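# Structure assessment
What follows is each chain in one-letter form.
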Amino acid sequence: MSDRFIDDLRGALPQGAVLTGADIDARYHHDMSGNPVPKPRAVVRPKTTEQVSALLRLCHREKVPVTTQGGMTGLVRGALPNADEIVLSMELMNAIEEVDISTGVVIAQAGAVLQKLQERVEQDGFMFPLDLGARGSCTIGGNISTNAGGNRVIRYGMTRELVLGLEVVKADGTVLHGLRKYIKNNTGVDLKHLFIGSEGILGVVTRAALRIFPAPAERQVALCALPSFPHVAALLRLARKHLGGALTAFEVMWNEYYRLTIERVKGVTGPLPTHHPFYVLFEASGGDAERIQADIERLLELAMGEGLILDATISTSHASAAALWRIRDSSVELGRTLAPRAGFDVSLAIDRMEAYALALDKALKQVDGASFAVVFGHAGDGNLHVTVRYTDGPDRHHQVEELVYGITGQFGGSVSAEHGIGILKRPYLKMSRTEDEIETMRALKRALDPHRILNPGRIFTM
Ligand code: ZN
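Let us look at the structure shown here. (Residues numbered from 1 in each chain as written. Predicted model: local features only at pLDDT ≥ 70, side-chain atom pairs only at ≥ 80, totals over all residues. Heavy atoms only, no water.)

### Details of the side chain of Gln-51
On the secondary structure map, Gln-51 appears in helix α2 (residues 49-62). Judged by relative accessible area, Gln-51 falls into the buried class, the value being 17%. Those residues within four positions of Gln-51 in sequence are excluded, and the remaining contacts are Leu-13, Pro-14 and Pro-46. (Helix = DSSP H or I, 4+ residues; strand = E, 2+ residues; numbered from the N terminus. Buried < 20%, exposed > 50% of the residue type's maximum accessible area, 1.4 Å probe, protein only. Contact = heavy atoms within 4.5 Å.)

Shown next as structure tokens:
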């Protein structure tokens, strides 16, 4: 990248939009992985869609690659700049432009922080149901480009289900004006889906029209202890039957997750003893507080009667509900206490989860007797998170990855349920997608970004 290009950038964008040298803060080359990369040559912080367009027009012409950044909370090294890439930070395009309560739509810029958007729509009595542990720093643009999942997918679906329209800047600077507010729109190829979950390789999302829902008056959380995994699956069936649409989360924790979180994460307390084999946290919400309360109590009674659960506790206030959620939301803090470790995010059928975890444990012990797996996740969505604590050794991390993905493949699972592929999971994409599918992705990349300037090398190489 030439000095002339940096001059051209400064010429094309307003004063202060282009940062170089000592003005580039560490946050632009650090992410959740904890393995920072060298400082990029330039960071560009546009304030408008037109400025994003001007930037990409220039990069397209000069064939300069760009990494688009949101809140830097990704786990697959998708947003760290590679050498020779400049950074496009969306952090100054963070406005929540409109809350339309008659249609149930919020319009936000890509750099808006998820929690800020949640809080803004709450002021009007609405909720934006996407929710995940990184809510305080992840951005709407990042949520869209990774098709974020999180805690309420069982009721509201992934981010894809919440997006009504997008404004996107293509690699050559063309702006696609698709910021529509309606659900029904059968007018040819639905282009927004190309940009949701494709990790920024096909275009840069600048604004989004998102669905919001009337906020439930009541939200109650229960934590249960269970004797075995088949009991977990049976409790899920029972909860679906008795709570129906009021069931808004169903999270499972193997003993190690619950016990170690209570033991190691500061400020987390466990209302149930730590010796039970499995724990489930479920949430019910709705407009009628008394009915929610009665439905949960009835469900727990039935579950007790059928011997599905050994022990249970129900939230009695917002504070106690938050304290229960805190246990499940502490996975990042727990992960830090498990180093050296490898993290996984897999999808598989719920009836195979127990055998999968057992097979994993057996295979790990054969390679490294002191290793163990901490398993938890969104049981209602068929999504498990696995953290493997291993003994350090040459090539051990790679060995653990090969082993876990190998077993995931044997069980017919997906190598990424919600974290995406980025660069870290690229070698394993072929275990979940066919060669023809990956070649079709490459064809889309060639068509939309012929000079490969947008997040090159993420998901697949050309
Ligand atoms: Zn998750």
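### Some remarks on the coordination of the zinc ion
The zinc ion binds to the protein through His-378 (NE2), His-385 (NE2) and Glu-418 (OE); the donor distances cover 1.8 to 2.2 Å. Of note, the zinc ion draws all its donor residues from one chain, in the sequence arrangement H-x6-H-x32-E. One end of the pair, His-378, is in strand β17 (residues 372-378); the other, Glu-418, is in the loop between α14 (396-410) and α15 (435-448), and 40 residues separate them in sequence. Just as His-378 is buried, Glu-418 falls in that class too. (Donors = N, O, S within 2.8 Å, 3.2 Å for Na, K, Ca; no water.)

### Description of the packing of helix α8 (residues 229-243) against helix α10 (residues 289-305)
Packing of α8 against α10 brings their axes to within 10 Å, and their N-to-C directions diverge by 145°. When you trace α8 past α10, the crossing you get is right-handed. Residue-level contacts link Leu-235, Leu-238, Ala-239, His-242 and Leu-243 of α8 to Asp-295, Ile-296, Leu-299, Leu-302 and Ala-303 of α10. Grouping the amino acids of the contact of α8 with α10 by side-chain chemistry returns eight nonpolar, one polar and one charged. (Axes fitted to C-alpha atoms, helices over the stretch in contact; angles between N-to-C directions. Left-handed = near helix turned anticlockwise from the far one by under 90°. Nonpolar A, V, L, I, M, F, W, Y, C, P; charged D, E, K, R; others polar.)

### What to know about the environment of Met-158
Structurally, Met-158 can be placed in the loop between α5 (153-156) and α6 (159-162). Discounting residues that sit within four places of it in the chain, Met-158 has contacts with Asn-147, Ala-148, Gly-149, Val-153, Ala-417 and Glu-418.

### Notes on the pairing of β17
The two faces of the sheet receive side chains in turn, since in a regular strand these alternate between them. Counted residue by residue, β17 has six buried out of seven residues, so it is predominantly covered. The pairing of strand β13 (residues 247-254) with β17 spans two bridges and is classified as antiparallel. Directly across from Met-253, in β17, lies its bridge partner Phe-376. Count of turn residues in the β17/strand β18 (residues 383-389) antiparallel hairpin: four residues, of which Gly-382 carries a positive phi of about 65°. (Pairing = 2+ DSSP bridges.)

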